[in-house]
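Report on the structure
Spelled out, the chains give:
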Amino acid sequence: MDYFHDDEDSSFNDSYDYNFEHSVCDKEAVRSFAGVFLPVIYALTLVVGLAGNVVVVAVYASRVRLRTLTDVCILNLAVSDLLLLFTLPFWAADAVHGWRLGSTACKLTSFLYSTNFSCGMLLLACISVDRCCAVVRSFSGKTSASPRVRRRWLLVCLVLWAVASFLGLPELIFSTVKHSHHRMACTEIYPPSMARAAKAALMLLEVLLRFLVPFLVMVVCYSWMGRVLSRAAGVQRERKWRALRVLLAVVAVFLLTQLPYNVVKLCRAMDTIYVVVTDCEVSKGLDRALQVTEGLALAHACINPLLYAFMGSSFRGHVLRVAKHVGQRLGGLRRHAPGEPAVEIALNSPSQPQSQSGSEEQDTSTFTI
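Residues numbered from 1 in each chain as written. Predicted model: local features only at pLDDT ≥ 70, side-chain atom pairs only at ≥ 80, totals over all residues. Heavy atoms only, no water.

Looking only at helices and strands, the protein has 12 helices and 5 strands in total. Look at the contacts in the protein between residues 6 or more apart in sequence, and 78% of them connect residues 24 or more apart. (Helix = DSSP H or I, 4+ residues; strand = E, 2+ residues; numbered from the N terminus. Contact = heavy atoms within 4.5 Å.)

Residue placement: Ser180 occurs in strand 4 (residues 175–180). With 82 residues separating them in the primary sequence, Ser180 and Gly98 have C-alpha atoms 9.3 Å apart.

It is worth spelling out a nonpolar patch on the surface at this point. On the surface, Leu204, Leu266, Met270, Ile273, Tyr274 and Val276 cluster together into a nonpolar patch covering about 520 Å² of accessible area. Counting residues per element, the nonpolar patch draws most heavily on helix 7 (residues 237–274), at 4 residues. Mapping Met270 onto the fold places it in helix 7. (Patch = residues over 30% accessible without salt bridge, like charges linked within 9 Å, V, L, I, M, F, W, Y side chains within 5 Å. Areas by Shrake-Rupley, 256 points an atom, 1.4 Å probe, with all protein chains shown as cover. Salt bridge = Lys/Arg side-chain N within 4 Å of Asp/Glu carboxyl O.)

Take the confidence of the model for the protein next. Averaged over all residues, the pLDDT of the protein is 77; the fraction at 70 or higher stands at 72%. Of all helices and strands in the protein, the one with the weakest mean pLDDT is helix 11 (residues 340–348) (34), whereas helix 3 (residues 88–97) scores best (92). In this model residues 1–22 is a low-confidence stretch, pLDDT under 50, and it forms 80 contacts with partners more than four residues away in sequence or in other chains. Per-residue pLDDT stays below 50 along residues 333–369; that stretch engages in 83 contacts with residues further than four places along the chain or on separate chains. (pLDDT = per-residue confidence, 0-100.)

Along the chain, Pro39 falls in helix 1 (residues 28–62). Assessed through its relative accessible area of 18%, Pro39 is described here as buried. For the pair formed by Pro39 and Ala95, sequence separation is 56 residues and the distance between their alpha carbons is 7.2 Å. (Buried < 20%, exposed > 50% of the residue type's maximum accessible area, 1.4 Å probe, protein only.)

One way to put it is that helix 2 (residues 69–86) packs onto helix 3 with a least axis distance of 5 Å and a crossing angle of 25°. On the basis of their axis angle, the class for helix 2 and helix 3 is roughly parallel. Residues Leu84, Leu85 and Phe86 of helix 2 lie in contact with helix 3, whose contacting residues are Leu88, Pro89 and Phe90. Along the lines of polarity and charge, the residues of the contact of helix 2 with helix 3 split into 6 nonpolar, no polar and no charged. (Axes fitted to C-alpha atoms, helices over the stretch in contact; angles between N-to-C directions. Parallel < 35°, antiparallel > 145°, perpendicular 65-115°, else oblique. Nonpolar A, V, L, I, M, F, W, Y, C, P; charged D, E, K, R; others polar.)

Right, let's get into the nonpolar core. Membership of the largest hydrophobic core comes to 61 residues, with the highest contact counts inside it found for Phe117, Tyr222 and Tyr308. A per-element tally of this core places helix 4 (residues 102–136) first, with 12 residues. Residues contacting Tyr222, with those up to four places away along its chain left out, are Ile127, Ser128, Leu247, Val250, Val251 and Tyr308. (Core = buried A, V, L, I, M, F, W, Y, C linked by side-chain atoms within 4.5 Å.)

As enumerated under the stated definition, the model contains 1 disulfide in all. Here Cys106 connects covalently by a disulfide to Cys186, the sulfurs 1.9 Å from one another. Its S-S torsion of about 85° marks the bond between Cys106 and Cys186 as right-handed, since a negative value means left-handed. Here the residue Cys106 occupies a position in helix 4, and Cys186 occupies one in strand 5 (residues 183–188), the gap between them amounting to 80 residues. Owing to a relative accessible area of 12%, Cys186 belongs among the buried residues under this scheme. Cys119 takes part in no disulfide bond, and the closest cysteine sulfur to it belongs to Cys157, at a distance of 8.1 Å. For Cys133, which is in no disulfide, the shortest distance to another cysteine sulfur is to Cys132 and amounts to 5.8 Å. What makes Cys133 partly exposed here is its relative accessible area of 36%. (Disulfide = S-S within 2.5 Å.)

This paragraph deals with the side chain of Thr70. Positionally, Thr70 belongs in helix 2. Polar contacts involving the side chain of Thr70 include one to the side chain of Arg131, which spans 2.8 Å. (Polar contact = N/O pair within 3.5 Å; in protein donor to acceptor, adjacent residues only side chain to side chain.)

So, on to the packing of aromatic side chains. Using the criterion set out here, one finds 9 aromatic pairs in the structure. Taking 5.2 Å as the distance between ring centres and 10° as the angle between the ring planes, the aromatic pair formed by Phe33 and Phe37 counts as stacked. Linking Phe33 with Phe37, this pair stays in helix 1, spanning 4 residues, or about one helical turn. Ring centres of Trp91 and Trp99 lie 5.5 Å apart, and the angle between their planes is 40°; on these two criteria the pair is classed as tilted. By relative accessible area, Trp91 is classed as buried at 14%. (Phe/Tyr/Trp six-rings, centres within 6.5 Å; stacked < 30°, edge-to-face > 60°.)

Throughout the structure, instances matching the rule amount to 6 salt bridges. The salt bridge partner of Asp130 is Arg131, with a shortest N-O separation of 3.1 Å. Pair check on accessibility: Asp130 and Arg131 agree, each one buried. Where Asp287 meets Arg268, a salt bridge forms, and the shortest distance between an N and an O atom there is 3.0 Å. Highlighted residues: Asp287 in helix 8 (residues 280–298) and Arg268 in helix 7, separated in sequence by 19 residues. Classification of Asp287 by relative accessible area gives buried; the value is 2%. For Arg268, a relative accessible area of 8% puts it in the buried group. Via salt bridges that share partners, Glu206, Arg210 and Lys265 belong to a single interconnected network.

A few words on the UniProt feature "transmembrane region" (unreviewed entry) in the protein. Sequence positions flagged by UniProt for "transmembrane region" (unreviewed entry) are, in local numbering, residues 40–61, 73–91, 111–132, 153–174, 200–222 and 243–261. Taken end to end, residues 200–222 is 100% helix and 0% strand, and its two terminal C-alpha atoms sit 32 Å from one another. (UniProt positions renumbered as here; feature names shortened; annotations may be inferred.)

Printed below as a string of structure tokens:
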């Protein structure tokens, strides 16, 4: 059967022209679409994501004590999202003008993007496990972490970053700048002997570790948490369902943002292995689908602060305190002094129902359920 293959090298890179029999599948329309769509999506993601994640890092750095593994993971998640977002202007410029920063910058930018994308997904799975453990032991009365436990938190985060860095190594090794269609492009170039197998294997590994494993962990952990919460005695029914809605929102957002992108990547991997795409228009449609769904997947970097930090009532209290402190320092005077007691009561109110829900709220300052 005749099939498409890369007309320029044997690396099977995306968005290049392919040769079908003796005719060329011109993908200039795909590159034109990317030159308009990707900069807009990257700019929106950068602005919104920076605002939320900078606030999370600033609050943790200034006021909040890291009391749980979830706190540590949320801080690492914000840092990971920021590093990911900082690469977007380079990719936006690449989509419009081509790559003009050289091979070293190409390798480092590709490595940062891949590593932090993977790290974010792994941290979400870690948060799910910690929240599940916190709910299960919520009636044990344990509210503080020993220095030994805190060292374990550090070890867990180091392992997650190491795994994510391992997943980013192919980008660091094989990414380079090549001339293509009258412009320079930052792309992966594999040795001819391993091009097809390497690309397919890496795609499948990314789908497995960036999506399937975190998703299964989240489903198992949050299902167990929902079961425990629904059967918990002494907890108001309204609080139970509010907590369950939070869990469903976390899983639903992850599924909606990550599933389309990973389905397209899986299709690309199958095409790389079995060469199932033999039509030019189908190939171009798959390229556009990858660009659109990747933009949707990046939206998770904007949503993470809302789901894992601001959704916690105590974290919102810390944000208000920090904002108030900054406002006082910038203004040089204390404004609205008569309203201070009401603000303090609102900030402390989440701790009042602790007698009904055990120590779970004491065990975290952020993802309060």
